[in-house]
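These are the residues of each chain, in order.
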Amino acid sequence: MTTTAITNIGSLVTNDPALGDGTPLGLIENAAVVIENDTIAWVGPADKAPATDTAYDAEGRAVIPGFVDSHSHLVFAGDRTAEFNARMSGRAYSAGGIRTTVAATRAASDAALEANLVRHLHEARRQGTTTFETKSGYGLTVQDEARALRIAAAHTEEVTYLGAHIVSPDYADDPAGYVDLVTGEMLTACAPYARWVDVFCERGAFDGDQARAILTAGAAAGLIPRVHANQLSHGPGVQLAVELEAASADHCTHLTDADVDALAQASGTTVATLLPGAEFSTRAQWPDARRLLDAGVTVALSTDCNPGSSYTSSMPFCIALAVRDMGMTPDEALWSATAGGARALRRGDIGALTPGARADLVLLDAPSHVHLAYRPGVPLVSAVWQKGLKTA
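Summary of the structure given here.

Cut-off values and rules
Residues numbered from 1 in each chain as written. Predicted model: local features only at pLDDT ≥ 70, side-chain atom pairs only at ≥ 80, totals over all residues. Heavy atoms only, no water. Core = buried A, V, L, I, M, F, W, Y, C linked by side-chain atoms within 4.5 Å. Buried < 20%, exposed > 50% of the residue type's maximum accessible area, 1.4 Å probe, protein only. Helix = DSSP H or I, 4+ residues; strand = E, 2+ residues; numbered from the N terminus. Contact = heavy atoms within 4.5 Å. Axes fitted to C-alpha atoms, helices over the stretch in contact; angles between N-to-C directions. Parallel < 35°, antiparallel > 145°, perpendicular 65-115°, else oblique. Left-handed = near helix turned anticlockwise from the far one by under 90°. Nonpolar A, V, L, I, M, F, W, Y, C, P; charged D, E, K, R; others polar. Salt bridge = Lys/Arg side-chain N within 4 Å of Asp/Glu carboxyl O. Phe/Tyr/Trp six-rings, centres within 6.5 Å; stacked < 30°, edge-to-face > 60°. Lys NZ or Arg CZ within 6 Å of the ring centre and 35° of its normal. Polar contact = N/O pair within 3.5 Å; in protein donor to acceptor, adjacent residues only side chain to side chain.

### Here's the deal with the nonpolar core
In step 1: Counting residues in hydrophobic clusters, the biggest one holds 85 residues, and the most contacted among them are Tyr161, Phe206, Leu263, Leu292 and Leu301.
In step 2: When residues of this core are assigned to their parent elements, the largest contribution, 6 residues, is made by helix H4 (residues 142–153).
In step 3: Setting aside anything within four residues of it in sequence, one finds Tyr161 in contact with Ser136, Glu145, Leu149, Val182, Met186, Leu187, Cys190, Ala194, Trp196, Val197, Asp198 and Leu223.
In step 4: Ranked by size, the runner-up nonpolar core spans 17 residues in total, among them Ile9, Ala31, Leu353 and Ala383.

Now the structure itself:
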């Protein structure tokens, strides 16, 4: 058993009001954290910290929980720079670009897909992400979806089956046949590698009835639903997520009052995961986080890292966007990027720095977490501990 103290922390975010100042962030000034193996053993004022085997001096800087990125698409190959360049030059975004990545992903070797995944994971970890969810969805055949999930499962326990990303080009004239494949043979091959099932419920992808069939079949196979909901236009995705007790409704850009009310009533079950990188990269309408928070909805922030519509792995960048353009306070944005992400993954062991939690924490080269929004684009992550080990 090895114990390590991180001492002389200027400002510690615990995400536990009872441990700190009574706010949702549970702030403790002049604090210390004790790590025992891979777990948080103690938090509190630095002058009351117990003796440990080793110590790390934070030099008055801020410490926060590791970011929980609960929505990403990292098993892919290829590049869509030309598409982004064209879109920034005036062409509207549509989901059709996914087909470009599907072709490249199918053609890539397992080794190439894994190397690309690992590269993005290291990139995200350097920016403070210690837990990530990732999806399939760029294979759209039984073999390619299963191998994507198998590759992802070697690197995270939060793996999502997204055979229902779009209708496979192979089934362009038979979408009902593709739904049968997604709910049948493909599901059987993919379920052993996944914890979650997801569907892109949107015009040009899957309608409400198709999405319900896919999510229901996934749930029957032991997978927990989550939904790409109401991103490009208003649709049934949010209501379906609430009806099926999905862990999250992701995007939530185009909402009616009834959608907001439904999410508020389901705040203990279904999290609204907002993905500002997608709006930034497509010049689309921003989700109204203020409306959701004021209604009592549980909100998470995530990157949606993918090669087409949100090619960023930076949770600090998403925090800055949420504060600047979505009506969130710096405190709310940080909570949503840590504890909110944990709620979206139905995890009680991450997203907070409390005794018994996993020792995932980030040292900022700043005196306060507010600098994540105050100094956008500046690499403020100084050190990262994941499962008790200093990794960056």
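Let us keep going from here.
### Quick notes on the packing of helix H3 (residues 110–126) against H4
In step 1: At a minimum axis distance of 10 Å, the contact between H3 and H4 shows a crossing angle of 45°. With respect to each other, H3 and H4 are oriented oblique. Pair H3 / H4 crosses with right-handed handedness. Residue-level inspection shows Asp110, Leu113, Glu114 and Leu117 of H3 in contact with H4, the latter providing Arg147, Arg150, Ile151 and Ala152.
In step 2: When grouped by side-chain class, the residues that make up the contact of H3 with H4 number 4 nonpolar, no polar and 4 charged.

### With respect to the pattern of salt bridges
In step 1: On inspection of all chains with the given rule, the structure shows 21 salt bridges.
In step 2: Linking Arg347 and Glu158 is a salt bridge whose minimum nitrogen-to-oxygen distance equals 2.7 Å. Taken together, the residues span a long stretch of sequence, with Arg347 in the loop between helix H13 (330–344) and strand S16 (361–364) and Glu158 in the loop between H4 and strand S9 (159–164) at a distance of 189 residues. Accessibility classification places Arg347 together with Glu158 in one group, the buried group.
In step 3: For the salt bridge of Glu243 with Arg212, the shortest nitrogen-to-oxygen distance reads 2.8 Å. You can see Glu243 sitting in helix H8 (residues 237–243) and its partner Arg212 sitting in helix H7 (residues 208–220), a full 31 residues away along the chain.
In step 4: Residue Arg212 is classed as partly exposed on the basis of its relative accessible area of 31%.
In step 5: The network of salt bridges with shared partners includes Glu157, Glu158, Arg195, Arg347, Asp349, Arg358 and Asp360.

### Comments concerning the packing of aromatic side chains
In step 1: For the coordinates displayed, the defined rule picks out 6 aromatic pairs.
In step 2: With a centroid separation of 6.4 Å and 75° between ring planes, the pair formed by Phe76 and Tyr138 is classed as edge-to-face. Of this pair, Phe76 sits in the loop between strand S6 (67–69) and helix H1 (81–88) while Tyr138 sits in the loop between strand S8 (134–135) and H4; the two residues are 62 residues apart in sequence, bridging distant segments of the chain. Each of the two residues, Phe76 as well as Tyr138, counts as buried.
In step 3: The interplanar angle of 50° and the centroid separation of 5.5 Å between the aromatic rings of Tyr171 and Tyr178 together place this pair among those described as tilted.
In step 4: On the basis of relative accessible area, Tyr178 is assigned to the buried category, the value being 0%.
In step 5: Three or more aromatic residues joined by ring pairs make a cluster, and in this case those are Phe76, Tyr138 and Tyr311.
In step 6: Directly above the ring of Trp196 sits Arg226, whose terminal nitrogen or CZ lies 4.3 Å from the centroid.

### Observations regarding helix H12 (residues 315–325)
Each α-helix winds once per 3.6 residues, and so residues spaced three or four apart point in a common direction.
In step 1: The complete set of buried residues in H12 reads Met315, Pro316, Cys318, Ile319, Ala320, Leu321 and Ala322.
In step 2: Looking at the buried residues of H12, the elements they touch are S6, strand S7 (129–132), helix H10 (276–282), strand S15 (299–301), H13 and helix H14 (371–374).
In step 3: The N-cap residue of H12 is Ser314: its side-chain oxygen and the backbone nitrogen of Phe317 are 3.0 Å apart.
In step 4: Of the residues one or two after H12, Gly327 is the one with positive phi, at around 85°.

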